[in-house]
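Spelled out, the chains give:
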Amino acid sequence: AKEPVRVLVTGAAGQIGYALVPMIARGVMLGHDQPVILHMLDIPPAAEALNGVKMELVDAAFPLLKGVVATTDVVEACTGVNVAVMVGGFPRKEGMERKDVMSKNVSIYKSQASALEKHAAANCKVVVVANPANTNALILKEFAPSIPEKNITCLTRLDHNRALGQISERLNVQVSDVKNVIIWGNHSSTQYPDVNHATIKTPAGEKPARELVADDAWFNGEFITTVQQRGAAIIKARKLSSALSAASSACDHIRDWVLGTPEGTWVSMGVYSDGSYNVPAGLIYSFPVTCQNGEWKIVQGLSIDEFSRKKLDATAEELSEEKALAYSCLS
Ligand code: NDP
C-alpha cells in the first residue's frame, strides 16, 4: 500500500476549503489509490468552524483519509506536508485600499513562507489560491529561499477551465474534446485567455478552435471578457463566490503537476517566469505548461500575434506594479 501524502489546506474553514477538503479526501487530487492525511489551518476566530469541518470529515468515513490535523498553529499545520494549497487570505472589504489588502496578505504569506520552509517535507509542492494569487506566491517564494522556485505556483487553472467551458458551450462540443487554451499572466481581470492554439477533437481529427467558430470576433471580444469576469458573474448569481469550481480546479492543478499532463495537452499554471515569451523574469506569471515526473515545463515556441503580444504585456505590467506595491509593504 502507498504511504499517505500530507496535504495542507490553509483557510480550510472558508468557502473554498469546505468544497476542497472532501475532494482531496476522496482521491480527486492525488488519485483514487493514494491515501492522504489532511492538515487544515485557519485563524483563531475560525477555530470552531474548522473543528466542525473536521467532524464532518470523520463522519464522511473516507476510506483514503488516514488522518486529520485541524489547527490554528502554523508550525503544526506545515510540519511534514508534501503538498500545500494556500487558500487563506485577507479578503478585500468594502472601502479598503488595494495597498491595505496587499499589506495584510504580504505579512500572512511572509510568515507562512517561513513555516513551510522550516517544517514542510523536502520537495513540497505549493499552489497559492488566495488573491492576489500571483503576488502572494511571489512573496512566499521570496521568504522561503530554500524551497526551489519551481515548487511554488499559483492557481490559474480555474480561468483555464472556464475558457474550455465557454468554448464547449459556444461550439456545442464536449468540454473533454477541447484543449490547449492558454491563460497568460495575472489571475485578475487583466489575464489573457488565448485560443489561438486551442483545438477541438472532431470525427475528422483535431481542428483549430478558430476554424470551427462561425463568428471569429467572438474569440477576440465576448469570450475574453466572459472568462475574465466569470467570478463576478457567479457572485452575482449565487451571492457567494465560486468555491466549487475553484476547489475542483485546485485539484486539477495539483493532479496534473504530480501525475503528469496527457501527451499533446498543456494546462495553465502561474509559475516563476524565466523570461520565456519576453515576459519579465522574476514575476509569477501564468504560462502554458506540460508536466512530467512531478515537474512543469513552459511550452516553448508558440506564435504570438500582435493582438496577443499587447495583452501579454499588459498583464505583465500589472504584475510588475503589484510586485512593487508588495515590496513597498515590506519596508
Ligand atoms: P474563500 O474560501 O471564498 O476564498 C479564499 C481565497 O481564495 C480568497 O483570497 C479568494 O479571493 C481566493 N480565490 C481565488 N480564486 C477564487 C475563486 N474562483 N472563487 C473564490 N475565491 C477565490 O474565502 P472565505 O472568506 O470563505 O475563506 C477564507 C478563509 O481564510 C477563512 O476561513 C479565514 O478564516 C481564513 N483566513 C486566513 C488568514 C490567515 O491565514 N492568516 C487571514 C484571513 C482569513 P477573493 O478575496 O478575491 O475572493
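Residues numbered from 1 in each chain as written. Predicted model: local features only at pLDDT ≥ 70, side-chain atom pairs only at ≥ 80, totals over all residues.

As recorded by an unreviewed UniProt entry, the protein chain carries the name Malate dehydrogenase and is attributed to Acacia crassicarpa. Under the UniProt heading Catalytic activity (unreviewed entry), the note attached to the protein chain is "(S)-malate + NAD(+) = oxaloacetate + NADH + H(+)". (UniProt positions renumbered as here; feature names shortened; annotations may be inferred.)

Another point: the pairing of strand 5 (residues 125-128). Side chains of strand 5 alternate between two faces, with Lys-125 and Val-127 and Val-126 and Val-128 buried alike. Summarising the sheet, strand 4 (residues 83-86) and strand 5 pair through four bridges and their orientation is parallel. By the bridge assignment for strand 5, Ala-84 is matched with Val-126. Taken together, strand 4, helix 4 (residues 98-119) and strand 5 form a β-α-β motif whose crossover is right-handed. Running through helix 5 (residues 133-142), the crossover from strand 5 to the neighbouring parallel element strand 6 (residues 152-154) is right-handed. (Buried ≥ 20, exposed ≤ 12 C-beta atoms within 10 Å, placed from the backbone. Helix = DSSP H or I, 4+ residues; strand = E, 2+ residues; numbered from the N terminus. Pairing = 2+ DSSP bridges. Right-handed = clockwise from strand over helix to strand, strands pointing away.)

Another point: the domain arrangement of the protein chain. Frequently, the measure chosen for interface size is the accessible area removed from exposure when the parts meet. We note that the domain assignment places domain 1 (5-154) and domain 2 (157-322) within the protein chain. Placing a centre on the C-alpha atoms of domain 1 and another on those of domain 2 gives a separation of 24 Å. Taken together, the contact pairs 27 residues of domain 1 with 26 residues of domain 2. Its residues assigned to classes, the side of domain 1 that touches domain 2 comprises 18 nonpolar, five polar and four charged. (Domains from an automatic or database assignment. Contact = placed C-beta atoms within 7 Å. Nonpolar A, V, L, I, M, F, W, Y, C, P; charged D, E, K, R; others polar.)

For helix 5, a buried count of nine out of 10 residues is recorded, marking the element as mostly surrounded by other parts of the structure. If you check which residues of helix 5 are buried, you get Ala-133, Asn-134, Thr-135, Asn-136, Ala-137, Leu-138, Ile-139, Leu-140 and Lys-141. Where helix 5 is buried, its residues touch helix 4, strand 5, strand 6, strand 12 (267-272), strand 13 (284-292) and helix 12 (306-330).

With that out of the way, let us pick up the UniProt feature "binding site: substrate" (unreviewed entry) in the protein chain. The UniProt record marks Arg-92, Arg-98, Asn-131 and Arg-162 with the feature "binding site: substrate" (unreviewed entry), using the residue numbering of this structure. The annotated residues occupy 71 residues of the chain and do not converge on a single region, their most distant C-alpha atoms lying 26.0 Å apart. Within the element layout of this structure, Asn-131 appears in the loop between strand 5 and helix 5. Residue class for Asn-131 comes out partly exposed when judged on the 19 C-beta atoms lying within 10 Å of it. Tracing the backbone through its elements, the reader meets Arg-162 in helix 6 (residues 157-171). Those residues in contact with Arg-162 that lie beyond four places of it in its chain are Val-227 and Arg-230.

We now examine the sheet that holds strand 11 (residues 205-208). Taking strand neighbours across the sheet as the criterion, the three strands line up as 7-10-11 in an open arrangement whose pairing is antiparallel. The sheet terminates laterally at strand 7 (178-179) and strand 11, the two strands that pair on one side only. With four bridges joining them, strand 10 (residues 199-202) and strand 11 adopt antiparallel strand pairing. Counted as the bridge partner of Ile-200 is Lys-207 from strand 11.

Okay, the site of the ligand next. Residues in contact with the ligand amount to 26 residues; listed here are only the nearest, Gly-11, Gly-14, Ile-16, Gly-88 and Ser-241. Counting residues per element, the ones that place at least two in the shell around the ligand are helix 1 (15-25) and helix 11 (243-259). The greatest single-element share of the shell around the ligand, amounting to three residues, is contributed by helix 1. Each of two domains, domain 1 (5-154) and domain 2 (157-322), supplies a minimum of three residues to the shell around the ligand. (Near = placed C-beta within 6 Å.)

Our next topic: helix 1. Among the residues of helix 1, Ile-16, Gly-17, Leu-20, Val-21, Ile-24 and Ala-25 are the ones counted as buried. One side of helix 1 holds all its buried residues, which, seen down the axis, span an arc of 140 degrees. On its buried face, helix 1 sits against strand 1 (5-10), strand 2 (36-41), helix 2 (47-60), strand 3 (65-71), strand 4 and helix 11. Once helix 1 finishes, Gly-27 follows within two positions and takes phi at roughly 95 degrees, a positive value. (Arc of directions from axis to C-beta.)

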